[in-house]
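Each chain, written out:
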Amino acid sequence: RFKYLAGQPLDIKGCRDGPLQMDGSSLAIVLLLIAAVVGLAIYSCRLRRQLNEVLDEKDKGHRLARKTALDLEQWEPSLAARAAWKLAFSLVSKSLKQQKYQRYKTDSDAGNVERFMENIVHEMIDRAIDSCAVHGGRLRHAGALGQALDKRRFLRRLKALADSRRTLRLQRRKGQLAAPKEHIATAGGMIRSVNEMSPPQPYTGGAGPSLPRGPGSVGQKEAERHLSLTTGSRGREDAPLLAVPGQMDDEQDFAVGGAVASQRPGASTKPRGVWALSRLSGSPAANALPSPAGSLVISFGDPQRGQLGMEPAAAARQVSRNTILTIEELRGCEPVQVEAAGVASFIVGALGQVWGCGSNRSMELGVRKEIAQVQAPQRVKSIREHCAVQLVSSRSASGQAHSVLLTAAGDVYTFGTSACGALGQGPNVQQCAPVMLRLGAEVKIRQVAVGARHSMFISDAGAIYTAGDNCHGQLGHGTRDPAGNWSPKFMDVPKLVPGDLGQQRVRLVAAGDDHNLAVVEDGRLFAWGANSNGQLGIGRVDDQAVPVPVRELQDTGIVSMACGLRHSVVVSHNGEQVWTFGSNVQGQLGLGQSSAPEGYQLTTPTLCKSLSRQPNMEVVQVAAAACHTLAVLSTGEVYAWGDNAYGQLGFPKAGAGHPMSHAVRSSVQTVQATKQLRSRAALEVDAPRAFADGVARIFEPCRIVSLSLWKVRAVSTADMHSL
């Protein structure tokens, strides 16, 4: 207890050191501290009372306590302060998140730029490698010429040096020169005469030995022949630069270049693919061709998806002016096969390279699935390690698409998309990289062919295997159920075709969208599959699941055949006759415009008179797709007929040409109305005039005049474009 005495110090008892002395100022401080403590206690009580009132108003604080986890025994700030703190925390968190996102975006942009630059470098390297591969033939030719010229230059210099030494020897022997060296005449600081240096005895013999002759005109011509860059004019026809693999002798092997010649597909193995087809054709004109290799690839048709080998906008502008395009990136690559797929294109080189361009909608290009379209021809990287001799792909522009690759070793690789087993790898397969077919490991394959949803494989022994969709019996085996459906519906593993065809050795095959043709060694022609328009040529219109012979075309010397959507074309008698059968709605049979009484379809083979038994006209190849057909003659000319909705016949499509003047149009219509027999030259001149302003369809074979500058060796066509 404290005792207060005014004006006197306090006396606090109980202190260890005696009474505590305190003046008035210290007492005031103590009293203020006591007042502050009491005030805080009172404020805390009031604050607690107010908080309790608020909690009672809010359902006694249970909900608020659960949400905010408020401890009523502790002191907390007001609700406004807590809201302000939450707002500040959210702003700071958002700012931190934005900074983190900006750092991530910066790092991501830097990574994208780095990857972009890396892709550019890789693409440049790939282009450089492909360019070297493309121009390898030119480099070999230039190297051969350079070696010949270097040898000739060396022999000339050697001859000049030998003549100079012979002249010096003769001069010495005649006493015109001193025998010792020149520096001896002035040795020791003295100048000696010729007589002082004991000249040798004069030469009294005959002429000196003759030198070997340098390379003559034969070596020069051979070197110049090596430098030729075209396959059509490589010098002598009896010694071509490119020969069919397996038929190259020592002279031709030296002409091509030793090790390089041995790398050609089939040089040491059995010829397969396009190399085997060049032998199997049986046409004298085809046998005269030393190799299927060409020097230039030409395209025409729909350019929208890059399948013409050029950027779509630029291709559309060029097509509007010239109708056809030349793929400059492939000039000099020595292509041996061109394959027009539905919305893509493939080119196979003489050394087994494969280039592709167009749409990759079903991964049929063999590139990564992230790549939707390739606008310019690019080397297919996934096929670099394989030596390709044939590549085929489904020609239908709608639905799924798949591709089949045949190598020089007889192995088969498939890629693309197929829900019915056309890849031979199982049902519902989507494969962007080539996968080896198990059948190729067991049986070596010589030729392959594909339809819209099925595939065919021909072994070295001539057996035929099929896989894929069987909705029309196009696989060659199966039976109909009571409902009219074929069983099995599809096969995802290739199987041997039974029946008479399975016991024969197949020589040549052709696949349409849903039907097939095959020629055996004894000359018989078999057909099976869809037949709703008579495209099998057997005089009926019902589907056939078992291969049946076509009686009208037995043992006729078939050299080429092709199948479209609902029609077929066969070239017989060594290229002198062309037979067509099936639908003729779009004029794809080349027989003229049909009328309703005549029927828009023919169920038996009919001779195409425009290309049959004509002087100087020998057909070596035909190609068909959808509702149009193309034919190649031995002279390198190309004829086309059928649907031209996309310009796939080599003529401007309807409404895309240049209008003719009234005088020219009147003269053409007058000549056509008279129906007089005219010469072939007059017909060829008038046809381009009539189609100059565009044409929707052509009912009779017409020569593609825009290709007259080149000698065409092979052609391939799809639904919307041709190569």
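The structure presented is a predicted model; accordingly, all values stated were derived computationally and were not measured.

On to the overall build of the protein chain, then. Helix and strand counts for the protein chain stand at 13 helices and 29 strands. Expressed as a percentage of its 723 residues, the buried residues of the protein chain come to 43%. Counting only contacts in the protein chain whose residues sit at least 6 apart along the sequence, the fraction spanning at least 24 positions is 57%. By element, 56% of the accessible surface of the protein chain is carried by carbon and sulfur atoms, the whole surface being about 38400 Å².

The tally for this structure, following the rule as stated, stands at 13 salt bridges. In this structure, Glu364 and Arg361 form a salt bridge, with 3.9 Å as the shortest nitrogen-oxygen distance. Residue classification places Glu364 among the buried residues on the basis of a relative accessible area of 1%. Under the relative-accessibility criterion, Arg361 is labelled partly exposed at 34%. When the shortest N-O distance is used, the salt bridge between Asp522 and Arg524 registers 3.1 Å.

All right, on to the sheet that holds strand 1 (residues 298-301) then. Spatial strand order, 2-1-29: three strands in an open sheet with antiparallel pairing. In this open sheet, the two strands that pair with only one neighbour each are strand 2 (325-326) and strand 29 (721-722). As paired elements, strand 1 and strand 2 share two bridges and run antiparallel to each other. Residue Ile298 lies in a different strand from strand 2, and its bridge partner there is Thr326.

All right, on to the layout of surface pockets then. Of the pockets and cavities examined, the second largest pocket occupies roughly 740 Å³. In terms of lining, the second largest pocket is formed by 25 residues, of which the most central are Glu123, Asp126, Gln378, Arg379 and Lys381. Elements represented by at least two residues in the lining of the second largest pocket include exactly helix 3 (79-134) and strand 6 (373-379). Broken down by element, the lining of the second largest pocket gets its largest block of residues, eight residues, from helix 3.

Quick look at a nonpolar patch on the surface now. A surface patch of nonpolar side chains, amounting to about 410 Å² of accessible area, comprises Val30, Leu31, Ile34, Val38 and Ile42. Within the secondary structure, Leu31 is located in helix 1 (residues 24-57).

Bringing helix 10 (residues 312-322) into the picture now. Among all positions in helix 10, only Pro312, Ala315, Gln318 and Val319 are buried. The buried residues of helix 10 occupy one face: seen down the axis, they fall within an arc of 125°. The inward-facing, buried residues of helix 10 abut strand 2 and strand 6. Near the N-terminus of helix 10, the side chain that reaches the backbone nitrogen of Ala313, with its oxygen 3.1 Å away, is that of Glu311.

Let's shift gears to the sheet that holds strand 27 (residues 638-643). Ordered in space as 25-26-27-28, the four strands form an open sheet in which the pairing is antiparallel. In this open sheet, the two edge strands, each paired with only one partner strand, are strand 25 (619-625) and strand 28 (697-703). Across the sheet, the mean angle from the axis of one strand to that of its neighbour is 10°, orientation sign disregarded. In the sheet, strand 27 pairs with strand 28 via four bridges, with the strands oriented antiparallel. Paired with Ala640 across the strands is Cys702, a residue of strand 28.

Mapped onto the secondary structure, Gln337 falls in strand 3 (residues 335-340). Polar contacts involving the side chain of Gln337 include one to the main-chain carbonyl oxygen of Leu391, which spans 2.8 Å. For Gln337, the contacting residues outside a window of four places in its chain are Val274, Phe346, Ile347, Val348, Val389, Gln390, Leu391 and Val392.

Here Asn428, not a glycine, exhibits a phi torsion of approximately 55°, which is positive. If you trace the backbone, Asn428 turns up in the loop between strand 9 (412-418) and strand 10 (429-436). With a phi angle near 50°, Ala626 is a residue other than glycine that sits in the positive phi range. Structurally, Ala626 can be placed in the loop between strand 25 and strand 26 (628-633).

Moving on: the packing of aromatic side chains. This structure, assessed with the given rule, holds zero aromatic pairs. Across the ring face of Trp355, the terminal group of Arg379 is positioned such that the distance to the ring centre comes to 6.0 Å.

Within the element layout of this structure, Val450 appears in strand 11 (residues 445-450). Take Val450: its relative accessible area is 5%, and that puts it in the buried class. Sequence separation between Val450 and Ser403 is 47 residues; the distance between their C-alpha atoms is 7.9 Å. Among all residues touching Val450, those that are not within four sequence positions of it are Val392, Ser393, Ser394, Arg395, His402, Val404, Ser455 and Ala511.

Of all seven residues in strand 23 (residues 577-583), seven are buried, a share of seventy percent or more. Relative to strand 24 (residues 601-607), strand 23 runs antiparallel, the two sharing four bridges. Residue pairing in the sheet places Trp579 in a bridge with Leu607 of strand 24.

The next subject is the side chain of His454. By the element assignment, His454 lies in strand 12 (residues 454-459). Side-chain polar atoms of His454 contact the side chain of Asn516, separated by 2.8 Å. In this view, His454 contacts His402, Ala422, Ala467, Gly468, Asp469, Gln474, Leu475, Ala511, Gly512, Asp513, Asp514 and Asn516; residues no more than four positions away in its chain are not counted.

This brings us to a positive patch on the surface. On the surface, Arg165, Arg169, Arg172 and Arg173 cluster together into a patch of positive charge. Taking the relative accessible area as the measure of exposure, Arg169 reaches 41% and is therefore partly exposed.

Residue placement: Leu496 occurs in strand 16 (residues 490-496). Residues contacting Leu496, with those up to four places away along its chain left out, are Ala463, Ile464, Tyr465 and His477.

Glancing now at the confidence of the model for the protein chain. Here the protein chain shows a mean pLDDT of 77. Residues at 70 or above account for 72%. The low-confidence segment residues 70-75, where pLDDT is below 50, has eight contacts with residues more than four positions distant or belonging to other chains. Per-residue pLDDT stays below 50 along residues 671-686; that stretch engages in 15 contacts with residues further than four places along the chain or on separate chains.

In this structure, His628 sits in strand 26. Judged by its relative accessible area of 1%, His628 is buried. With sequence-adjacent residues up to four places away left out, His628 is seen in contact with His567, Gln588, Ala623, Trp641, Gly642, Asp643, Gln648, Leu649, Thr717, Ala718, Asp719 and Ser722. In terms of polar contacts, His628 uses its side chain to reach the backbone carbonyl oxygen of Ala625, at 3.0 Å.

Each value, and the rule that gives it
Residues numbered from 1 in each chain as written. Predicted model: local features only at pLDDT ≥ 70, side-chain atom pairs only at ≥ 80, totals over all residues. Heavy atoms only, no water. Helix = DSSP H or I, 4+ residues; strand = E, 2+ residues; numbered from the N terminus. Buried < 20%, exposed > 50% of the residue type's maximum accessible area, 1.4 Å probe, protein only. Contact = heavy atoms within 4.5 Å. Areas by Shrake-Rupley, 256 points an atom, 1.4 Å probe, with all protein chains shown as cover. Salt bridge = Lys/Arg side-chain N within 4 Å of Asp/Glu carboxyl O. Pairing = 2+ DSSP bridges. 1 Å grid on protein atoms, 1.4 Å probe; cavity = no way out; pocket = protein on both sides within 12 Å on 5 of 7 lines; lining within 4 Å. Points joined across faces, edges and corners; volume = space filled by probe spheres on them. Patch = residues over 30% accessible without salt bridge, like charges linked within 9 Å, V, L, I, M, F, W, Y side chains within 5 Å. Arc of directions from axis to C-beta. Polar contact = N/O pair within 3.5 Å; in protein donor to acceptor, adjacent residues only side chain to side chain. Axes fitted to C-alpha atoms, helices over the stretch in contact; angles between N-to-C directions. Phe/Tyr/Trp six-rings, centres within 6.5 Å; stacked < 30°, edge-to-face > 60°. Lys NZ or Arg CZ within 6 Å of the ring centre and 35° of its normal. Lys, Arg positive; Asp, Glu negative; His and termini not counted. Charge placed at Lys NZ, Arg CZ, Asp CG, Glu CD. pLDDT = per-residue confidence, 0-100.

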